[in-house]
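Okay, here's what each chain looks like letter by letter:
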Amino acid sequence: MMDGSFSFEEHTADISIRVEAQSLPLLFAYAGRALSTYIFGDLHNFEAGMPSRHEMNLSAPDRELLLFDWLMEILYRANVMHKAFLDTTIHELSIVTGK
């Protein structure tokens, strides 16, 4: 494994993706790339336009729900903006417990 990887696996649900990464931010980035691949197909043939920056600010009580919210936001933006998130950089990802 380089920095990370993903693969699609058989599952009774709509989709099952296995993501591995060396850090939590990379795991989120590869999960987003995997979802974009699932939505748009082979990304090697995806005609990339001008690079663009999209800021997302999400919060959740734990990392599992944060990952879910992250993927839902990517799904929403893919459908509305027709954007594939191919080269994602997570600038800050922190898990805050308790108040």
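Just above, that's the structure.
What this report covers is the structure whose coordinates are included nearby.

Scoring rules and cut-offs
- Residues numbered from 1 in each chain as written.
- Predicted model: local features only at pLDDT ≥ 70, side-chain atom pairs only at ≥ 80, totals over all residues.
- Heavy atoms only, no water.
- Helix = DSSP H or I, 4+ residues; strand = E, 2+ residues; numbered from the N terminus.
- 1 Å grid on protein atoms, 1.4 Å probe; cavity = no way out; pocket = protein on both sides within 12 Å on 5 of 7 lines; lining within 4 Å.
- Points joined across faces, edges and corners; volume = space filled by probe spheres on them.
- Salt bridge = Lys/Arg side-chain N within 4 Å of Asp/Glu carboxyl O.
- Buried < 20%, exposed > 50% of the residue type's maximum accessible area, 1.4 Å probe, protein only.

### A closer look at the environment of Lys 83
Locating Lys 83 in the fold gives a position in the segment after helix H2 (63-81). In sequence terms Lys 83 and Ser 36 are 47 residues apart; their C-alpha atoms lie 8.4 Å from each other.

### Observations regarding the layout of surface pockets
Of the volumes computed, that of the second largest pocket is approximately 330 Å³. Considering the residues around the second largest pocket, the lining is formed by 15 residues, among which Ile 15, Ile 17, Ala 31, Leu 35 and Leu 71 are closest to the centre. When contributions to the lining of the second largest pocket are tallied by element, the ones reaching two or more residues are strand S2 (17-21), helix H1 (24-40) and H2. Ranked by the residues each element gives to the lining of the second largest pocket, the list is headed by H2, at six residues.

### Some points on the pattern of salt bridges
Under the defined criterion, the tally for this structure stands at three salt bridges. Glu 20 is paired through a salt bridge with Arg 18; the nearest N and O atoms lie 3.0 Å apart. Taking the relative accessible area as the measure of exposure, Glu 20 reaches 32% and is therefore partly exposed. Judged by its relative accessible area of 45%, Arg 18 is partly exposed. Between Arg 77 and Glu 73 there is a salt bridge whose closest N-O contact spans 2.7 Å. Placement of the pair is Arg 77 and Glu 73 together in helix H2, with a separation of four residues, close to one helical turn. Looking at Arg 77, the relative accessible area reads 13%, which means it is buried.

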